[in-house]
Amino acid sequence: YNASFFLVDVHILVIFPVLIEHQLAGSAITFFDLWVALAILTVYLFYYLFYLDPLGVHLYIFLSPRTRLSPLAQALGLALYLLVFAALGGRLPAAAA
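Criteria and thresholds
- Residues numbered from 1 in each chain as written.
- Predicted model: local features only at pLDDT ≥ 70, side-chain atom pairs only at ≥ 80, totals over all residues.
- Heavy atoms only, no water.
- Helix = DSSP H or I, 4+ residues; strand = E, 2+ residues; numbered from the N terminus.
- Rg over C-alpha atoms; globule rule 2.2 N^0.38 Å.
- Buried < 20%, exposed > 50% of the residue type's maximum accessible area, 1.4 Å probe, protein only.
- Contact = heavy atoms within 4.5 Å.
- Patch = residues over 30% accessible without salt bridge, like charges linked within 9 Å, V, L, I, M, F, W, Y side chains within 5 Å.
- Areas by Shrake-Rupley, 256 points an atom, 1.4 Å probe, with all protein chains shown as cover.
- Salt bridge = Lys/Arg side-chain N within 4 Å of Asp/Glu carboxyl O.
- pLDDT = per-residue confidence, 0-100.
- Core = buried A, V, L, I, M, F, W, Y, C linked by side-chain atoms within 4.5 Å.

A.B. asks: Hey, could you go over the overall build of the protein for me, with residue numbers and the actual values?
C.D. replies: The helix and strand inventory of the protein stands at four helices and zero strands. Reading the protein from its N end, one meets helices and strands in the order α-α-α-α. Scaling as 2.2 N^0.38, a compact globule of 97 residues should have a C-alpha radius of gyration of about 13 Å, whereas the protein reaches 16 Å, well beyond that. In terms of its C-alpha atoms, the protein occupies a principal-axis envelope of roughly 45 × 40 × 20 Å. Counting the 97 residues in the protein, one finds 15% classified as buried. Once local pairs closer than 6 in sequence are excluded, the contacts in the protein between residues at least 24 apart make up 47%.

A.B. asks: Explain the environment of Leu 13 residue by residue, including any values.
C.D. replies: Mapped onto the elements, Leu 13 comes out in helix α1 (residues 5-13). Ignoring sequence-local partners within four residues, the contact set of Leu 13 consists of Phe 5 and Val 8.

A.B. asks: Go over the side chain of Asp 53, please, and point to the residues and values.
C.D. replies: Within the fold, Asp 53 resides in the loop between α3 (31-52) and α4 (70-87). Here Asp 53 falls in the buried class, since its relative accessible area comes to 6%. Among residues more than four places away in sequence, those in contact with Asp 53 are Tyr 48, His 58, Ser 64, Pro 65 and Arg 66.

A.B. asks: Provide a residue-level description of the side chain of His 22, including the pertinent values.
C.D. replies: With respect to the helices, strands and loops of the structure, His 22 is situated in helix α2 (residues 15-25). According to the relative accessible area criterion, His 22 is buried, its value standing at 17%. His 22 has contacts with Ser 27, Ile 29 and Leu 88, leaving out every residue within four places of it along the chain.

A.B. asks: Got a sec to walk through a nonpolar patch on the surface? Specific residues and values, please.
C.D. replies: A surface patch of nonpolar side chains, about 790 Å² in accessible area, is lined by Phe 5, Val 8, Ile 12, Leu 13, Val 14, Ile 15, Phe 16, Val 18 and Leu 19. For the nonpolar patch, the secondary structure elements donating two or more residues are α1 and α2. By secondary structure assignment, the location of Ile 15 is in helix α2.

A.B. asks: Outline the confidence of the model for the protein, supporting the account with residue identities and numerical values.
C.D. replies: Of all residues in the protein, 93% attain a pLDDT of 70 or more, and the chain-wide mean is 83. When pLDDT is averaged over each element of the protein, α3 comes out on top at 91 and α1 at the bottom at 77.

A.B. asks: Let's hear about the nonpolar core: which residues, and what values?
C.D. replies: Counting residues in each nonpolar core, the largest one holds five residues, listed as Leu 45, Tyr 48, Leu 49, Leu 52 and Leu 63. If near-sequence neighbours (up to four positions away) are discounted, Leu 45 is found in contact with Leu 63 and Gln 74.

Following this line, the structure appears as structure tokens:
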């Protein structure tokens with residue numbers, strides 16, 4: 001189930017049209033874009049951990065709170081968001097002096 005064509009298509013193959021659209025649009029990615037992406041990620045993570053997981057729906061074994069690797073997986077997910085943000089030309093706002 002986790003390796004079905006639909007899930008691979010939705011989670012991996014869709015990145016190519018997204019990157020092409022980003023390049024063609026010519027607009028810069030902003031800190032607000034990162035903030036919204038992280039907000040959506042957080043809402044989905046809470047939905048998964050506090051609703052789906054207790055029902056026995058285990059879509060992502062690495063997000064399960066029952067594994068010791070869950071904090072590592074979540075930290076790597078956050079790092080991936082930051083790396084993609086930087087790779088697309090995003091800049092964090094400068095700290096106020």
